[in-house]
Amino acid sequence: MDKSKQPFRKYKRSFRRRLPPIGSGDRIDYRNMSLISRFISEQGKILSRRVNRLTLKQQRLITIAIKQARILSLLPFLNNEKQFERAESIPRTTGPRTRNK
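Quick caveat: nothing in here was measured; it's all calculated off a predicted structure.

### Quick word on the overall build of the chain
- Broken down by element type, the chain carries four helices and zero strands.
- For the chain, the α and β elements follow one another from N to C terminus as α-α-α-α.
- By the burial criterion, 18% of the 101 residues in the chain qualify as buried.
- When contacts within the chain are restricted to residue pairs at least 6 apart in sequence, those whose partners lie at least 24 apart make up 50%.

Here is the structure:
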């Protein structure tokens, strides 16, 4: 059979199916810090559903649990470690400021 007469074939790619991030036994609760910390960025923001690969219901429950943990001071609202590092590296002058004219 010539190449021009061969039927069009779709090539199937093999892919590894990823495991769901939340198992059936995991309980979504504000006290489960090991679970909640997986869905927060380094800056302390809640990661999106597309990044987390969660269902809509799971994302809602995770969001509520994170907000409850923040209110109860189990989690910080912001993670400002980068700001402090940058602020310390800036040299400061201690003398009086003079204005150049």
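### Some points on helix α3 (residues 56-71)
- With 16 residues, α3 extends 23 Å between its outermost C-alpha atoms, agreeing within 8% with the 22 Å of an ideal straight helix rising 1.5 Å per residue.
- For α3, the complete set of buried residues consists of Q59, I62, T63, A65, I66, A69 and R70. Taken around the axis of α3, the buried residues stretch over an arc of 165°, which confines them to a single face. For α3, exposure combined with an orientation more than 90 degrees from the buried face picks out K57, R60 and I71.
- Tucked into the core, α3 has its buried residues touching α1 (33-36) and α2 (49-52).

### A word on the nonpolar core
- If you look at the biggest cluster of nonpolar residues, it comprises eleven residues: I22, L35, I36, F39, I40, L54, I62, A65, I66, A69 and L75.
- Discounting residues that sit within four places of it in the chain, F39 has contacts with P21, I22, K45, I46, L47, N52, L54, I62 and I66.

The rules behind each value
- Residues numbered from 1 in each chain as written.
- Predicted model: local features only at pLDDT ≥ 70, side-chain atom pairs only at ≥ 80, totals over all residues.
- Heavy atoms only, no water.
- Helix = DSSP H or I, 4+ residues; strand = E, 2+ residues; numbered from the N terminus.
- Buried < 20%, exposed > 50% of the residue type's maximum accessible area, 1.4 Å probe, protein only.
- Contact = heavy atoms within 4.5 Å.
- Expected span 1.5 Å × (residues − 1).
- Arc of directions from axis to C-beta.
- Core = buried A, V, L, I, M, F, W, Y, C linked by side-chain atoms within 4.5 Å.

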